[in-house]
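# Descriptive structure summary
Listed below, chain by chain, are the residues.
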Amino acid sequence: MSMEIIFLGTAGSVPTKTRNVSSIVVRYQGDYIFVDVGEGTQRQAMLSGVGLRKNMKIFITHMHGDHVLGLIPMLQTMCMLRRTEPLQIYGPRGIRRFITENMRMLNIRPTYPLVINYLSDGRVFDFGEYVVKVARNEHDRYSYALCIEEKPRPGRFDPEKAERDGIPKHLWRLLKQGRTVTLEDGRVVDYRRYVSPPLRGRKVVISGDTRPCRRIVSLARDADVLIHDATFASDRAERGVETGHSTAEEAAIVAREANVKVLILTHFSARYENVDRLVREARRIFPATFAAEDFMRVEVPPSRRPIRTW
Ligand code: ZN
């Protein structure tokens, strides 16, 4: 099962010639999880091949225009396409009013049920094979970071060993499920002899617009990928404090403290035509740092690390 991150917009506040405003898609298990949909996101989605999907969910980290103004056009297009499947939207306070009032004013009649869910600190949405965890960040009163985390994958069953030990085949399923079984001859068989420990799930964390903060460090603990606000370079650190954003260096400190594998910087101020300087500054603190680009795709490989040993 592949897990892929697709960047649709990597600029902060305003689009530039090479970057659109915020939007990231995480594709996993046939689901397309959109995180923020700035103006023009549907066209970016089209150009990237992501498109508008039946199995899409839309998360909005906070109600600032550059993260949410692309939502109404997407909802309208899906009406024109006569979508019938329910669409799940997850957002902060104000999201319902924003959608309903805009749709009413523009006379957009939904052809599909719109299901609106509210984000709040500590909330966990369970989607079967994976969860989305929510933590408040430090930007606006209702602004959130998100963690998309695959559930632990079951360890590997060793059929040869089971065969050798004469475990009847009809009991293999139970062992794979982590059950201890008793054979007809009275032998008690511990599944751990035949199944390796479960493997850690993959974990991608998206900070949203934010100052560096402890809650993101905990949310991102040991993550495969942390995507963090890096609006400014060190020369504009005071602007970061004023506007509730981070510098590339601050993002790198969060990545180091959270012990993530890879840090991807995004939400760059339009003043940096070239973001090499931001990457350089971050790499001095956290070497595995990269800059997001529009249409960049990042595959997150499955982890081979067991959760525990037995
Ligand atoms: Zn913002």
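So, here is what we can say about the structure in this document. Quick caveat: nothing in here was measured; it's all calculated off a predicted structure.

## Some details on the coordination of the zinc ion
- Within the protein, His62 (NE2), His64 (ND1), His139 (NE2) and Asp209 (OD) serve as the donor atoms for the zinc ion, at 2.2 to 2.5 Å.
- Classification of the site at the zinc ion rests on its 4 donor atoms, whose angles at the metal span 89 to 175 degrees, yielding the label irregular.
- Counting along the primary sequence, the residues that act as donors to the zinc ion give the motif H-x1-H-x74-H-x69-D. Residue histidine 64 is located in the loop between strand 4 (56-59) and helix 2 (65-68), and its partner histidine 139 is located in the loop between strand 8 (130-136) and strand 9 (144-150); the two are separated by 75 residues in the primary sequence.
- Assessed through its relative accessible area of 27%, histidine 64 is described here as partly exposed.

## Considering the sheet that holds strand 14 (residues 262-266)
- Judged by pairing direction, the sheet is mixed, and its 7 strands sit side by side in the order 7-8-9-12-13-14-15 without closing on themselves. In this open sheet, the two edge strands, each paired with only one partner strand, are strand 7 (124-126) and strand 15 (289-291). Each strand axis lies, on average, 15 degrees off the axis of its neighbour in the sheet, ignoring direction.
- Note that strand 14 and strand 15 share 3 bridges and pair parallel. Bridge assignment links leucine 263 to a residue of strand 15, and that residue is threonine 289.

## Describing the pairing of strand 3 (residues 31-35)
- Of all the 5 residues making up strand 3, 5 are buried; the element is thus mostly covered by neighbouring parts of the structure.
- Where burial is concerned, the two faces of strand 3 agree: the one with Asp31, Ile33 and Val35 and the one with Tyr32 and Phe34 are both buried.
- In terms of strand pairing, strand 2 (residues 23-28) meets strand 3 through 5 bridges, oriented antiparallel. When the bridges of strand 3 are listed, isoleucine 24 appears paired with valine 35.
- Between strand 2 and strand 3, which pair antiparallel one after the other, the connecting turn spans 2 residues, and glutamine 29 there sits at a positive phi close to 60 degrees.
- One ladder, built from 4 bridges, connects strand 3 with strand 4; its direction is parallel. Looking across to strand 4, one finds that tyrosine 32 is bridged to methionine 56.
- On the question of chirality, the crossover connecting strand 3 to the parallel strand 4 by way of helix 1 (residues 41-48) is right-handed.

## Description of helix 3 (residues 71-80)
- Here helix 3 has its buried residues at Leu71, Ile72, Met74, Leu75, Met78 and Cys79. End-on view of helix 3: buried residues confined to an arc of 165 degrees, all on one side of the axis.
- Following helix 3 by one or two positions, arginine 82 adopts a phi angle in the positive range, close to 60 degrees.

## Comments concerning the sheet that holds strand 2
- Read across the open sheet, the 7 strands follow the order 6-5-4-3-2-1-16; overall the sheet is mixed. With partners counted over all chains shown, the strands left at the sheet margins are strand 6 (114-118) and strand 16 (297-300), one partner each. The average angle at which neighbouring strand axes cross in this sheet is 20 degrees, direction not considered.
- Here strand 1 (residues 3-9) pairs with strand 16 via 4 bridges, running antiparallel.

Cut-offs applied
- Numbering of residues starts from 1 in every chain and runs along the sequence as written.
- Per-residue local features of the predicted model are confined to residues with pLDDT of at least 70, and side-chain atom pairs are confined, for both listing and counting, to 80 or more; whole-chain, interface and lining totals are unaffected and use all residues.
- Side-chain calculation: all heavy atoms of the structure are included, whereas hydrogens and water are not.
- Each metal site lists N, O and S donors within 2.8 Å (3.2 Å for Na, K and Ca). With water left out of the atoms, a site can look as if it is missing ligands.
- A site with four donors is called tetrahedral when every donor-metal-donor angle falls between 85 and 135 degrees; four donors are called square planar, and six octahedral, when opposite donors sit more than 155 degrees apart and all other angles fall between 65 and 115; any other arrangement is irregular.
- Only DSSP runs of H or I covering at least 4 residues are called helices, and only runs of E covering at least 2 are called strands; the numbering of each starts at the N terminus.
- Each residue's exposure class comes from its accessible area (1.4 Å probe, protein chains only) as a fraction of the maximum for that residue type: buried when under 20%, exposed when over 50%, partly exposed otherwise.
- Pairs of strands are assigned from DSSP output, requiring at least two bridges between the strands.
- Orientation is described by lines fitted to C-alpha atoms, with helices fitted over the stretch in contact, and by angles between N-to-C directions that extend from 0 to 180 degrees.
- Handedness of a crossover is defined as follows: orient the strands so they point away from the viewer, and if the path from the first strand over the helix to the second runs clockwise, the crossover is right-handed.
- Directions are taken from the helix axis to each C-beta atom, and the arc is the one they span.

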